[in-house]
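Fold and contact review
Here is how the chains run, residue by residue.
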Amino acid sequence: MTGATRAPRPAGRPRSQEADAAILAAALDLLIELGAQQLSIEQVARRAGVTRATVYRRFADKTALLVRALEWNAHAYNPGFTGWRDVEDMIADWAAYLVSPRHRRLLRRLWGSVDDYPELMATYRPLKGGQGAAAVDEILRRARDAGRLPQDADLDAVQEILRGAVFSVAQDSDDDAERITAYFMTILKQTGYRAVTRDRERN
């Protein structure tokens, strides 16, 4: 041997960001294609080009993997999201999301999982569904305080009405964002909502 010395081996392998992204992308794609019940860790590993052990080192089970994939997808869609300005901003954001056939199909897969893989929504809804409901409630509360919703409006009921509207749009709608926005605003008017006019805001 020569006098050269080997560099010390690191204590553990660094997490591979490329592998993480590949696993999450594969899980999301397969969720959309197959649904939560039919998807397997083995399929995800094969699609991502990694071993099952690599997936299991990162995620305890399929539910944990799918929840993380959904969070990853939400962040990728709007990484700088810090909240909506008002109801119109919220509706415009929903319309921009729902105009994508992929996003609509993802929503349908999530709703379908309530029956065939209830663990997914049971885990995901308290994490993100609760946060989302709280954000919507805050926007509706501000609208009511500003007099754009009736003072006696039941905000939980308004949220349920909006959820029903989202469900309707997600059923293979081919509408563009403008039409989807108009549809949501029509639904909101039935709750007594008075829309903000941007021209008035600038004056």
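This one's a predicted model, so the numbers in the text were calculated from it and none came from an experiment.

For the rest of this paragraph, the subject is the environment of Glu42. Along the chain, Glu42 turns up in helix α2 (residues 41-48). The sequence separation of Glu42 and Ala53 amounts to 11 residues, and the corresponding C-alpha distance is 9.6 Å.

The final tally for this structure, using the stated rule, is six aromatic pairs. Plain terms: the ring middles of Trp111 and Phe167 are 4.9 Å apart, the flat faces sit at 45° to each other, and that makes the pair tilted. Of the two residues, Trp111 is situated in helix α6 (residues 101-116) and Phe167 in helix α8 (residues 155-169); the sequence distance between them amounts to 56 residues. Relative accessible area serves as the criterion here: at 27%, Trp111 is assigned to the partly exposed category. Following the ring pairs from residue to residue traces out a cluster consisting of Phe81, Trp84, Trp94, Tyr183 and Phe184. The lysine or arginine in question, Lys62, covers the ring of Tyr117, its NZ or CZ lying 4.4 Å from the ring centre.

This next bit is on the nonpolar core. Ranked by size, the top nonpolar core spans 55 residues in total, and within it Leu65, Trp94, Leu120 and Phe184 carry the most contacts. Of all the secondary-structure elements, those providing two or more residues to this core are α1 (17-34), α2, α4 (62-77), α5 (87-98), α6, α7 (118-145), α8 and α9 (177-189). Per element, the largest residue contribution to this core is eight residues, and it comes from α1. Non-local contacts of Trp94, meaning those with residues more than four positions away in its chain, are made with Trp84, Val136, Leu162, Val166 and Phe184.

What follows is about the packing of α5 against α9. α9 packs onto α5 with a crossing angle of 135° between their chain directions and a minimal axis gap of 8 Å. The angle between α5 and α9 falls in the class oblique. Where α5 crosses over α9, the two elements pack in a sense that is right-handed. Between α5, through Val87, Glu88, Ile91, Ala92, Trp94, Ala95 and Leu98, and α9, the contact on the second element is made entirely by Ala177, Ile180, Thr181, Phe184, Met185 and Leu188. Looking at side-chain class alone, the contact of α5 with α9 contains 11 nonpolar, one polar and one charged residues.

Attention now goes to the packing of α1 against α6. At a closest axis distance of 8 Å, the pairing of α1 and α6 adopts a crossing angle of 75°. Relative to α6, α1 is oriented roughly perpendicular. Packed against α1, whose contacting residues are Leu28, Asp29, Leu31, Ile32, Glu33 and Leu34, the element α6 presents Arg102, Arg105, Leu106 and Arg109 at the interface. The residue makeup of the contact of α1 with α6, split by class, is five nonpolar, no polar and five charged.

Once that is clear, we can look at the pattern of salt bridges. If the charged atoms of two oppositely charged side chains come close together, the side chains can form a pair. Tallied over the full model, the rule gives seven salt bridges. Linking Arg102 and Asp29 is a salt bridge whose minimum nitrogen-to-oxygen distance equals 2.7 Å. On the criterion of sequence distance, the pair formed by Arg102 in helix α6 and Asp29 in helix α1 is long-range, its members being 73 residues apart. A residue is classified by how much of its surface remains accessible, and Asp29, at 24% relative accessible area, is partly exposed. Asp89 serves as the salt-bridge partner of Arg85, at 3.7 Å between the closest nitrogen and oxygen.

Cut-offs applied
Throughout this document, residue positions are counted from 1 along each chain, in the order its sequence is written. Residue-level local features of this predicted model are given only where pLDDT is at least 70; pairs of side-chain atoms are given and counted only at 80 or more, and the full residue set underlies all totals for whole chains, interfaces and linings. Heavy atoms from the whole structure form the basis of all side-chain values; hydrogens and water molecules are not counted. Secondary structure is summarised from DSSP: a helix means a run of H or I of at least four residues, a strand means a run of E of at least two, and numbering begins at the N terminus for each. For Phe, Tyr and Trp, rings pair up if their centres lie within 6.5 Å, where Trp contributes its six-membered ring, and each pair is then called stacked (planes under 30 degrees apart), edge-to-face (over 60) or tilted (otherwise). Only protein chains enter the accessibility calculation, which uses a 1.4 Å probe. A residue is then buried if its area is under 20% of the maximum for its type, exposed if over 50%, and partly exposed in between. Comment: the charge-over-ring label is applied if NZ (Lys) or CZ (Arg) is within 6 Å of the ring centre and within 35 degrees of the ring normal. What is meant by a nonpolar core is a set of buried Ala, Val, Leu, Ile, Met, Phe, Trp, Tyr and Cys residues, joined one to another through side-chain atoms within 4.5 Å. Working rule for contacts: check all heavy atoms of both residues, and any pair within 4.5 Å makes them a contact. Helix axes use the C-alpha atoms of the stretch in contact, all axes being lines fitted to C-alpha atoms, and the angles between their N-to-C directions lie in the range 0 to 180 degrees. Here roughly perpendicular refers to angles of 65 to 115 degrees, roughly parallel to angles under 35, roughly antiparallel to angles over 145, and oblique to all remaining angles. By definition, turning the near helix anticlockwise from the far helix through less than a right angle yields a left-handed crossing, and turning it clockwise yields a right-handed one. Following the grouping adopted for this structure description, the nonpolar residues are Ala, Val, Leu, Ile, Met, Phe, Trp, Tyr, Cys and Pro, the charged ones are Asp, Glu, Lys and Arg, and the polar ones are all others, Gly among them. What counts as a salt bridge is simple: a side-chain nitrogen of Lys or Arg found within 4 Å of a carboxyl oxygen of Asp or Glu.

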